[in-house]
Structure formats: C-alpha cells, structure tokens
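# Report on the structure
Residue-level listing of the chains:
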Amino acid sequence: MSTERKIEFPAGRIVLFAGPYMTPKMKHNLDTNLRLNVGLLLAAVLLFAGCAHVPVYEQELVSKVGMTRSDSMVEGDRINLLSQIEPGSSVSGGAVAAGCTACR
Amino acid sequence: MGLAWALLFAVVPLGYGFTPVNMESGVEWVDADDISLLQVSWGEDFETGTWESSVSLAFGHYGMDYQPVPFDFQGEETRRSERNLSLQFNTRNQVNNHTWIIAGAGVYDGYTNYRSVWLDEYYRQQYSELFGFPGAENYVEADPKGINGTAGVRWSYLSGSGFAELNVSRLRDDVSPGYEIDFDGLRRGELTLATAAISLSTENVLSKRVRSFFEVRASKTTARSTRYGAEFALNVAMGENWVSRWNVGGATEDPQFDAYYGGVALEYQANDNLSWFVDARYYEDTGEIENALLFTSAAPGLISNRFGIGLRWIGDSWSSRLYVAPLDTNYEPTRESTDFFQNLYLDRDWTVFQFAVGRSL
C-alpha cells in the first residue's frame with residue numbers, strides 16, 4: 001500500500017497557511033491531489049468574480065452552434081465511447097470493478 | 001426489444017401533453033485491429049409548460065479477439081462479443097426567471113466498457129473450473145447492469161450570461177467482478193458498487209466573443225477513495241466565421257491515480273449551413289492502484305493522442321455532424337504483477353468515427 005499520498009482535501013487549508021513552517025518532507029507531501037484542489041478553488045473564485053454582464057443582444061457570436069455547450073451529438077463535441085479509452089476523463093470516475101480486485 | 005423501448009418512450013410522453021422539440025440519432029464506432037466498439041443512439045427532446053425533458057436510448061456492441069499471453073498456459077484465443085442497452089430520462093423545470101430544478105434517471109443492461117469484457121474472459125478461462133480448489137465457489141458468471149439517478153439545480157446569477165449548476169448523482173452498478181488467487185484460495189471483488197457523485201459547474205459569457213465553462217466534481221465508489229476532477233473550457237469566437245474551443249481537465253484519486261488532458265478545436269463556418277472543424281487532444285494518466293497480493297489487472301500509465309476532422313451541417317429543420325479521427329494509445333510496460341494483461345494494455349491505433357443527424361420537430 002502506498003503511503004506517499006495521505007493529505008486529504010480538507011487538510012489543504014491547513015497546509016496553505018502553514019507553508020512557511022513546513023519541513024521539506026511535509027512540502028513533498030503537498031501532492032498533486034492537493035495542488036489540484038487548491039488550484040481549482042482559486043480558479044472557481046476568479047471565474048465567479050471576474051465575469052461581467054454581457055447583455056443578451058450582444059451575445060450573437062457566443063450563441064452560435066459551436067460556441068455553446070451542448071449534450072447534442074450534432075451541436076456538441078462529445079464522443080461517448082472515448083471514456084472507455086481515457087478512464088480519467090469520465091465524469092463520475094466510473095464504477096469499474098473488474099480492473100482492480102484489491103484496490104484498498 | 002430496443003425498438004419497443006424507443007417507441008414506448010417516444011409515444012408515452014405525447015399522451016401527457018409533451019410536445020416533441022428535437023429528435024437526434026447517432027452512430028459511434030471506435031475500431032482497432034483486435035477490438036471494435038459500436039454505439040447506436042437515439043434521443044428525443046420534449047417540452048410542456050415550464051418542463052423540458054429528454055429521453056435517450058443507446059445500443060452498444062463490443063467485439064474483440066481475445067488473445068492470452070504466451071505464458072498463460074490455461075488461456076485460449078477466442079472471439080468475444082457483448083451487447084449493452086441503456087435508457088436515460090432527464091428533465092428540468094423552470095421555477096422562476098433564474099432557477100431550474102433538474103432530475104434524471106437511467107438504467108442499463110450489459111458491459112459498460114471493453115476492458116471489463118476482456119477481464120471477464122480472462123477470469124472465466126482461469127477460474128471458472130477450479131473444481132475443489134479453496135474458494136472455487138466464489139467464481140460467478142457476470143451479469144452487469146445498473147441504475148442511476150440525478151437531482152440538481154441550475155441558477156442564472158447573471159441574467160443570460162452567468163450560470164451555476166449543482167448536480168448530485170447516485171449510481172448502483174452490478175459489475176463483472178475481479179478475482180485474486182493465492183495459497184488461501186480464490187477471492188472475489190465486489191459484485192455491486194455504489195457511487196455517489198457531486199458536480200458544481202459555472203458557465204459564463206465573459207465578453208461578446210468568449211464563453212467559459214468550469215466544473216469541479218467528486219465521486220466516491222465502493223471500496224475506492226474519492227475521485228476529484230475538474231475541467232475548464234473556453235470557447236472563443238475569433239471572427240464572424242472562426243471559432244476555437246479549448247479545454248483542459250484532470251482527475252485524481254488516492255493512492256496514486258492522476259489524469260490530465262487537454263484539447264483544442266478550430267471551426268470555420270463556410271456558409272450559412274456548413275462548417276468544418278479540426279481538433280487535437282492529449283490525454284495522460286499515471287495508471288491505476290496496484291497493491292494486489294500476487295497479480296493485478298490495474299492499468300499501467302497511459303498516453304493517448306487524437307487528431308480529428310469533421311463537418312457540421314445545420315439546416316432549418318435537419319442537422320448533422322460527421323467526425324473522423326485517428327487515436328493512438330500508448331501504455332507503459334506492464335510489471336511482473338500485470339504481465340498476464342499485456343494484451344489488454346496493448347498499444348493500439350484506433351479509428352474514431354461518429355455520425356449524427358438531428359431534426360427539429
């Protein structure tokens with residue numbers, strides 16, 4: 001069992017503020033999981049705060065097919081079968097059991 | 001059977017006053033030398049009052065030439081084919097000018113991916129006839145199927161230009177289980193997996209030319225750690241006729257799975273109806289958890305690349321999309337514990353084909 005990645009998401013807040021006091025080993029444990037989560041939260045905040053109101057009558061270009069997000073196979077880019085080949089891109093993480101018998 | 005379901009779900013809503021709005025049908029085909037994946041889908045959108053609903057039906061077929069590794073003395077070459085049928089219903093209701101409530105439910109019967117089919121064949125050949133061996137009774141014939149349900153809310157926090165959406169999902173999957181064997185006998189993995197998932201997304205019109213989408217999500221499946229994921233996409237209208245679409249995303253799951261991907265598409269509108277586009281995508285992951293007793297089917301690290309080209313035609317009533325792409329997948333070499341799965345985690349050159357047609361009703 002790997003013991004390298006023990007920092008869970010809620011610990012991120014502690015590590016963020018304790019950064020200057022962390023030992024090299026503790027900093028090493030600031031793994032990709034944590035960095036990803038912190039980065040995502042910051043990006044989310046920026047996106048919420050940074051958007052300006054664009055009146056509907058000025059949205060002609062952003063409302064065209066190809067500019068909107070759509071579940072439609074015609075208007076969107078989604079290819080359902082590819083989540084089988086790229087398991088990390090599926091939305092739910094997938095409920096695949098046959099791949100690993102003793103994952104825990 | 002599938003046709004009967006389709007007719008049932010297409011006709012029944014009409015009896016309750018739903019007005020059909022759009023209908024869409026599509027074919028996806030992803031093919032390599034030894035594996036072929038096919039999905040045929042059909043969907044219809046309905047409206048009544050403040051309700052917008054959709055129903056979709058999909059039929060999948062997986063075919064593969066199963067090839068064991070040369071040192072698998074129990075294994076034998078065989079041709080394996082499996083089918084999958086799924087049905088999904090989604091609806092949303094506008095409760096006021098800024099808020100929608102969302103609900104959805106779905107059901108499927110059959111394998112959900114080719115990897116499960118390959119592994120099921122491997123386990124069948126290895127463990128289905130272990131007469132007298134400890135744990136032999138643990139082997140079961142797989143009967144994969146599942147259900148899902150979703151509830152959510154969508155909020156327009158900036159009228160027409162800023163949206164946030166929260167969705168919570170529950171899934172229950174009867175899966176093709178994994179097995180491990182050692183001197184204590186044969187052990188079986190979970191037969192049924194429960195998954196809880198939550199996602200929060202925002203969509204913003206940032207300017208007259210830029211639309212953004214950002215999503216964070218987390219999911220927890222039985223006997224696994226929580227998987228976190230995120231995706232950011234930016235659609236940019238570079239001119240009256242040029243559009244570029246960018247996206248990056250990633251996922252991580254303890255103890256050691258990380259995935260990253262990114263892509264870009266460039267689309268040119270040649271006339272009022274016809275557009276062509278090209279796209280490229282890169283995907284990389286670190287491989288899955290690997291802490292089995294002796295052998296594990298966990299996938300090694302993967303890098304895949306895709307370059308595609310397509311056409312989109314939008315008419316007054318009919319519309320269609322055609323897309324073709326080569327896709328190559330490159331796995332890291334298997335280790336001692338995964339050597340029996342060398343032919344599953346084989347580098348492959350895939351061809352991706354998609355054709356869809358829609359009609360406004």
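Quick caveat: nothing in here was measured; it's all calculated off a predicted structure.

Calculation notes
Residues numbered from 1 in each chain as written. Chains lettered and ligands numbered in written order. Predicted model: local features only at pLDDT ≥ 70, side-chain atom pairs only at ≥ 80, totals over all residues. Heavy atoms only, no water. Pairing = 2+ DSSP bridges. Helix = DSSP H or I, 4+ residues; strand = E, 2+ residues; numbered from the N terminus. Core = buried A, V, L, I, M, F, W, Y, C linked by side-chain atoms within 4.5 Å. Buried < 20%, exposed > 50% of the residue type's maximum accessible area, 1.4 Å probe, protein only. Contact = heavy atoms within 4.5 Å. Salt bridge = Lys/Arg side-chain N within 4 Å of Asp/Glu carboxyl O.

### With respect to the pairing of strand β14 (residues 257–269) of chain B
Residues and elements named next belong to chain B. In this structure, strand β13 (residues 242–253) lies alongside β14, joined through 12 bridges in antiparallel fashion. Paired with G249 across the two strands is Y261, which belongs to β14. Bridge count for β14 against strand β15 (residues 274–285) is 11 bridges, and the pairing is antiparallel. Its bridge partner lying in β15, G262 is registered against Y282. Connecting the antiparallel pair β14 and β15 is a turn made up of 4 residues.

### A closer look at the nonpolar core
Grouped together as the largest cluster of nonpolar side chains are 41 residues, with contacts concentrated most on V30, L37, Y114, W118, F341, W350 and V352 of chain B. Among the elements of the structure, α4 (82–85) of chain A together with β2 (35–48), β3 (51–66), α2 (114–127), β14, β15, β17 (318–331) and β18 (348–360) of chain B are those that each provide at least two residues to this core. At 7 residues, α2 of chain B tops the list of elements feeding residues into this core. Beyond its immediate sequence surroundings of up to four residues, W350 of chain B is in contact with I85 of chain A together with V30, D31, A32, I35, L37, Y114, A325, P326, L327 and T329 of chain B. Formed by 7 residues, the second largest nonpolar core is a distinct cluster that contains V54 and V62 of chain A together with V205 and A237 of chain B.

### Some details on unusual backbone geometry
All names here are of chain B. The omega torsion across D254 and P255 is 5 degrees, close enough to zero to call that bond cis. The residue P255 is located in the loop between β13 and β14 in this model. The residue A223 is not glycine, and still its phi comes out positive at about 65 degrees. Inspection of the secondary structure assignment puts A223 in the loop between β11 (210–221) and β12 (227–237).

### Topic: the pattern of salt bridges
Applying the stated criterion across every chain yields a total of 22 salt bridges over all chains. In this structure, E121 of chain B engages R80 of chain B in a salt bridge whose closest nitrogen and oxygen atoms are separated by 2.8 Å. Note that E121 of chain B is positioned in helix α2 and R80 of chain B in strand β4 (residues 78–96), a separation of 41 residues in sequence. Given the relative accessible area of 3%, E121 of chain B is considered buried. Via salt bridges that share partners, D77 of chain A together with R245, E267, R312 and R321 of chain B belong to a single interconnected network.

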